[in-house]
Amino acid sequence: MSEIQAVLSHAVKLALVAVLAGLVARGRARLCWSFAAYLVAILVGNSLASLWPSRFYTPGFWVLKQAAYDVLKMAVALELAWRAFERFPGAMRTARGTLLALLAASTLVLAALTPPSSYATLWDWQPSSATAALWLLTATALLVVWYQVPVHDWQRAIMLGLAPYLLVFVTVLDLLKRHGWPALHATAGVVDSVAYLSLLAFWVWAAWRHDPSPSLAGSPS
């Protein structure tokens, strides 16, 4: 881990703590419990890899923690959909069918068309996992807008922040695959860390803001 990567890693830890503190202080963790679990998992994985690199900054641990992150991102997308549509039976039926179809397609791609997860095959399974979560988040956001379902500003902030970051993450992996890991490893790591730090800065602002009332999706905050 280079010096700049270490600095960015510590900055990410501080930002994660700030977001979690905001969720607790403003009572927003309950709006999406799986997202709070996702942040805690990121904080633990980041801390282990940066504070004890000889033991945890390894290909094996990277695969393990990334798999946990992927599962939690899918859980976030599904919980957000459930919370948005639980009081709207008509919209819930459409949302359930759409998300189940996407989940089934994603499962088929990951199980049948993607090699088993390992560091050697990360170019194949990691973009598929990130794209699956992106599909679920995008579908949920589109359905929320289509049905004009009222959602809390914090829940909207999760979707608005995580979806663009996943696009950046998949793009970085694609560049690494095309141009080679040794050539772009350090640069790609910095780009990904800066993008994630920017995302966390947005979430810090959203978690601490003083407007807890729900608003209609698509309406001005």
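Residues numbered from 1 in each chain as written. Predicted model: local features only at pLDDT ≥ 70, side-chain atom pairs only at ≥ 80, totals over all residues. Heavy atoms only, no water.

### Quick look at the overall build of the chain
Rule in force here: Helix numbers and strand numbers start at the N terminus; a helix is a DSSP run of H or I with at least 4 residues, a strand a run of E with at least 2. Burial classification: accessible surface area is computed with a 1.4 Å probe over protein chains only, and a residue below 20% of its type maximum counts as buried, one above 50% as exposed, and the rest as partly exposed. Two residues qualify as a contact provided that any one of their heavy atoms is within 4.5 Å of a heavy atom in the partner residue.
Along its length, the chain carries 8 helices and 2 strands. For the chain, the N- to C-terminal ordering of α and β elements is α-α-α-α-α-α-β-α-α-β. The buried share of the chain, taken over its 221 residues, is 45%. Across the chain, every contact between residues at least 6 apart in sequence was considered, and the portion connecting residues at least 24 apart equals 81%.

### What about helix H1 (residues 3-25)?
For an α-helix, the turn length of 3.6 residues means that residues three or four places apart are oriented alike. Where we set the bar: To estimate how far a helix should reach, multiply one less than its number of residues by 1.5 Å.
Relative to the 33 Å expected for 23 residues at 1.5 Å per residue, H1 spans 33 Å between its end C-alpha atoms, a close match to the ideal helical length. Where H1 is concerned, the buried positions are Gln5, Leu8, Ser9, Val12, Lys13, Ala15, Leu16, Val19, Leu20, Gly22 and Leu23. At the exit of H1 stands Gly27, carrying a positive phi of roughly 70°.

### Comments concerning unusual backbone geometry
Positive phi outside glycine occurs at Gln148, with the angle close to 50°. With respect to the secondary-structure elements, Gln148 resides in the loop between helix H6 (122-147) and strand E1 (150-151).

### Some points on the pattern of salt bridges
For clarity, the threshold we go by: Basic side-chain nitrogens of Lys or Arg form a salt bridge, by our definition, when they fall within 4 Å of a carboxyl oxygen of Asp or Glu.
The full count for this structure, using the stated rule, is 3 salt bridges. Here Glu79 and Arg83 are joined by a salt bridge, their closest N and O atoms 2.7 Å apart. Taken together, the positions of Glu79 and Arg83, both in helix H4 (residues 59-85) and 4 residues apart, correspond to about one turn of that helix. Neither residue differs from the other here; Glu79 and Arg83 are each classed as buried. The partner of Asp153 in a salt bridge is Arg156, with the nearest N and O atoms 3.0 Å apart. On the criterion of helical spacing, the pair formed by Asp153 and Arg156 is a turn pair, its members being 3 residues apart in helix H7 (residues 153-179). Take Asp153 and Arg156: they sit in the same class, and that class is buried.

### Some remarks on the nonpolar core
Put simply, the rule reads: Take the buried residues of types Ala, Val, Leu, Ile, Met, Phe, Trp, Tyr and Cys, join any two whose side-chain atoms come within 4.5 Å, and each joined set is a nonpolar core.
Membership of the largest hydrophobic core comes to 45 residues, with the highest contact counts inside it found for Phe35, Tyr38, Leu39, Trp154, Tyr196 and Trp203. Here this core gets 9 residues from one element, more than from any other, and that element is H7. Among all residues touching Tyr38, those that are not within four sequence positions of it are Tyr69, Leu72, Lys73, Val76, Leu162 and Tyr196.

### Structural notes on the environment of Tyr165
By secondary structure assignment, the location of Tyr165 is in helix H7. Assessed through its relative accessible area of 9%, Tyr165 is described here as buried. Separated by 27 residues in the primary sequence, Tyr165 and Asp192 have C-alpha atoms spaced 8.8 Å apart. With near-sequence residues (within four places) excluded, Tyr165 lies in contact with Asp192, Ala195, Tyr196 and Leu199.

### Structural notes on the packing of H1 against helix H2 (residues 33-51)
The condition is simple: Note on geometry: axes are C-alpha line fits, over the in-contact stretch for helices, and angles between N-to-C directions span 0 to 180 degrees. By the definition adopted for this analysis, an angle is roughly parallel if under 35 degrees, roughly antiparallel if over 145, roughly perpendicular if from 65 to 115, and oblique otherwise. The hand of a helix crossing depends on one turn: near helix anticlockwise from the far one by less than a right angle means left-handed, and clockwise means right-handed. Each residue is assigned to one of three groups, with Ala, Val, Leu, Ile, Met, Phe, Trp, Tyr, Cys and Pro labelled nonpolar, Asp, Glu, Lys and Arg labelled charged, and all others, Gly among them, labelled polar.
Relative to each other, H1 and H2 sit at 155°, their axes nearing to 10 Å. Classified by the interaxial angle, the pair formed by H1 and H2 is roughly antiparallel. As H1 packs across H2, the resulting crossing turns out to be left-handed. Along the contact surface, H1 presents Ser9, His10, Val12, Lys13, Leu16, Val17, Val19, Leu20 and Leu23, while H2 presents Phe35, Ala36, Leu39, Val40, Ile42, Leu43, Asn46, Ser47, Ser50 and Leu51. Taken together, the residues of the contact of H1 with H2 break down into 13 nonpolar, 5 polar and 1 charged.

### Regarding the environment of Asp192
As for its position among the elements, Asp192 is in helix H8 (residues 181-208). Placed 22 residues apart in sequence, Asp192 and Val170 show a C-alpha to C-alpha distance of 10.0 Å.

### As for the side chain of Ser47
Inclusion rule: Here a polar contact means two N or O atoms within 3.5 Å. Within protein one must be a hydrogen donor candidate and the other an acceptor candidate, and residues neighboring in sequence count only if both atoms are side-chain atoms.
Its place among the elements puts Ser47 in helix H2. Here Ser47 falls in the buried class, since its relative accessible area comes to 17%. A distance of 2.7 Å separates the side chain of Ser47 from the backbone oxygen of Leu43, its partner in a polar contact. Setting aside residues no more than four positions away along its own chain, Ser47 makes contact with Lys13 and Trp52.

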